[in-house]
Amino acid sequence: MEHRTVVIIGSGPAGLTAAVYCARADLAPLVLEGAQPGGQLTITTEIENFPGFPEGISGSRLTEEIRRQAVRFGAECRFETVMDVNLLVRPFRLSTDQSRYTADALIIATGASARSLGLESEIRFRGAGVSACATCDGFFFKGLDVAVVGGGDTALEEAIFLTRFATKVTVIHRRDELRASKIMQERAKRNPKIEFLWNSVIEEVCGTEENGIRRLTHVRIRNVQTGETGTLHVSGLFIAIGHTPNTRLFGGQLDLDDQGYIRTIGKSSRTSVDGVFACGDVQDSVYRQAVTAAGSGCMAAIDAERWLSEFLDR
Ligand code: NDP
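From a predicted model like this one, the values you see are computed outputs, not experimental measurements.

Looking at the site of the ligand
Okay, so step 1: Around the ligand there are 14 residues in total, and D153, T154, R174, R175 and R179 lie nearest to it.
Okay, so step 2: Here a nitrogen atom of the ligand sits 3.1 Å away from a polar atom, N or O, in the side chain of E157.
Okay, so step 3: Isolated, the ligand exposes 910 Å² of accessible area, and the fraction of that covered by the protein chains is 70%.

Below, the structure is given as structure tokens:
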């Protein structure tokens, strides 16, 4: 059993930024990177809205650079996945797929996962037309037709945002009634660039592949009431069927909201357990941006450092 002052779970922009700040505070943090090092950033296309990179930067490169920055100041990153935590004992206990640790303070940055349709072809065209974030990728679809799947606020918000770039945005929804708030429904229905395809589901995502470069060209749709199938020609497909926060490890130990996100206290990153801090998408269902995640990672590190200086003095 190895003891650490601070353990950070997760290696997206939140976890790695927390590592930079903890390392610079001389806390020698250990980052347990998890099953998808870099988190959701690694499945987006080019990132053009992270300040400081006017030419854009790929998600994996951004992750590498923040990791390098953290390591430079004394953070240690291990490619281990946390399987179990015990927040009821002091120091906290963690088991990974390879080791066991104790920690005085814990920063949770396990993120959220965009729900997927569960189609093999959807995975194949991820980053090649299929996206889960209009704010990140919408710009690439200037003058093209795109579709959004989902009937909630996110789907309509993404559809409205995409009309800035796309020629036409088709919202594909599995029912004939939207789940989104009335105001968003009205806004979307008023927008001349938005069309709705009701009672419809996607059966397959299709495209071309030349010299290893994939490009989405159309989707196969099925009407769930009539069984009729058809083709919709689009260059982009935005999946907006909700996110699931990665909080399975903490159920019953930390206060979660009704959607499963970790509740933080006031404007801080503190959670319901003293010494446990949360940052990034695991506690944010609203902004979900790399830069806001990074900002909250900084907050968690500062909160942890302050808490530790009191705790270790006791
Ligand atoms: P929601 O859970 O509200 O909506 C998900 C949508 O995706 C539903 O319409 C659902 O259909 C559909 N869906 C789910 N699974 C599938 C599937 N496998 N295949 C096809 N369709 C599917 O998620 P959101 O991300 O939209 O919103 C999450 C929360 O965030 C909500 O509380 C929302 O109000 C809030 N939010 C608020 C915003 C704002 O105020 N500006 C902006 C964005 C989000 P069905 O309806 O049939 O279940």
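Considering the nonpolar core
Okay, so step 1: With 33 residues, the main nonpolar core has V6, I8, C22, L62 and I107 as its most contacted residues.
Okay, so step 2: For this core, the elements supplying multiple residues, two or more each, are β1 (2-9), α1 (13-24), α2 (59-72), β8 (100-108) and α7 (290-313).
Okay, so step 3: By residue number, the principal contributor to this core is α7, which donates eight residues.
Okay, so step 4: Not counting chain neighbours up to four residues away, the residues in contact with L62 comprise L41, I47, F50, F53 and I57.

Some points on the packing of α1 against α7
Okay, so step 1: For the pair α1 and α7, interaxial distance at closest approach is 7 Å and the crossing angle is 40°. It follows that α1 is oblique to α7 by the angle criterion. The element α1 and its partner α7 pack so that their crossing is right-handed. In this structure, α1 uses P13, A14, T17, A18, Y21 and C22 to contact α7, whose residues at the interface are A290, A293, A294, G297, C298, A301 and I302.
Okay, so step 2: Residues that form the contact of α1 with α7 fall into these classes: eleven nonpolar, two polar and no charged.

Thoughts on the sheet that holds strand β13 (residues 194-197)
Okay, so step 1: Ordered by their spatial adjacency, five strands build an open sheet running β10-β17-β11-β12-β13, and the pairing between neighbours is parallel. Edge strands, defined here as strands with exactly one partner in the open sheet, are β10 (130-131) and β13.
Okay, so step 2: Looking at chain direction, strand β11 (residues 145-149) and strand β12 (residues 168-172) are connected through five bridges and run parallel. Bridged to D145 within β12 is K168.
Okay, so step 3: Docked against the sheet, helix α5 (residues 153-162) engages β11, β12, β13 and β17 (236-239), running at close to 170° with respect to β11.

Concerning a positive patch on the surface
Okay, so step 1: A contiguous patch of positive charge on the surface is contributed by R115, R174, R175 and R179.
Okay, so step 2: Its place among the elements puts R174 in the loop between β12 and α6 (182-190).
Okay, so step 3: The class for R174 is exposed, based on a relative accessible area of 61%.

Section: the state of the cysteines
Okay, so step 1: Here the structure, examined in full by the defined rule, presents one disulfide.
Okay, so step 2: Across the disulfide from C133 sits C136; the S-S distance is 2.1 Å. Its S-S torsion of about 80° marks the bond between C133 and C136 as right-handed, since a negative value means left-handed.
Okay, so step 3: Residue C22 stays outside any disulfide, its sulfur separated by 9.0 Å from that of C279, the closest cysteine.
Okay, so step 4: Overall, the relative accessible area of 1% leaves C22 in the buried class.
Okay, so step 5: In this model C298 remains outside any disulfide bridge; the closest cysteine sulfur is found in C279, 9.9 Å from its own.

Details of the pattern of salt bridges
Okay, so step 1: One pass over the full model with this rule turns up 13 salt bridges.
Okay, so step 2: Among the ionic pairs, E33 bridges to R67, the shortest N-O distance being 2.7 Å. On the criterion of sequence distance, the pair formed by E33 in the loop between β2 (30-32) and β3 (46-47) and R67 in helix α2 is long-range, its members being 34 residues apart.
Okay, so step 3: With relative accessibility at 17%, the residue R67 sits in the buried group.
Okay, so step 4: Here the salt bridges do not stand alone but share partners, grouping E2, R4, E76 and R78 into one network.

Here's the deal with the pairing of strand β14 (residues 200-210)
Okay, so step 1: Two elements, β14 and strand β15 (residues 213-223), share ten bridges in a ladder whose sense is antiparallel. Bridge pairing in β15 places E204 opposite R220.
Okay, so step 2: Connecting β14 to the antiparallel partner β15 that follows it, the hairpin turn spans two residues, and N211 within it adopts a positive phi of roughly 50°.

Cut-offs used in this document
Residues numbered from 1 in each chain as written. Predicted model: local features only at pLDDT ≥ 70, side-chain atom pairs only at ≥ 80, totals over all residues. Heavy atoms only, no water. Near = heavy atom within 4 Å. Polar contact = N/O pair within 3.5 Å; in protein donor to acceptor, adjacent residues only side chain to side chain. Areas by Shrake-Rupley, 256 points an atom, 1.4 Å probe, with all protein chains shown as cover. Core = buried A, V, L, I, M, F, W, Y, C linked by side-chain atoms within 4.5 Å. Buried < 20%, exposed > 50% of the residue type's maximum accessible area, 1.4 Å probe, protein only. Helix = DSSP H or I, 4+ residues; strand = E, 2+ residues; numbered from the N terminus. Contact = heavy atoms within 4.5 Å. Axes fitted to C-alpha atoms, helices over the stretch in contact; angles between N-to-C directions. Parallel < 35°, antiparallel > 145°, perpendicular 65-115°, else oblique. Left-handed = near helix turned anticlockwise from the far one by under 90°. Nonpolar A, V, L, I, M, F, W, Y, C, P; charged D, E, K, R; others polar. Pairing = 2+ DSSP bridges. Patch = residues over 30% accessible without salt bridge, like charges linked within 9 Å, V, L, I, M, F, W, Y side chains within 5 Å. Salt bridge = Lys/Arg side-chain N within 4 Å of Asp/Glu carboxyl O. Lys, Arg positive; Asp, Glu negative; His and termini not counted. Charge placed at Lys NZ, Arg CZ, Asp CG, Glu CD. Disulfide = S-S within 2.5 Å.

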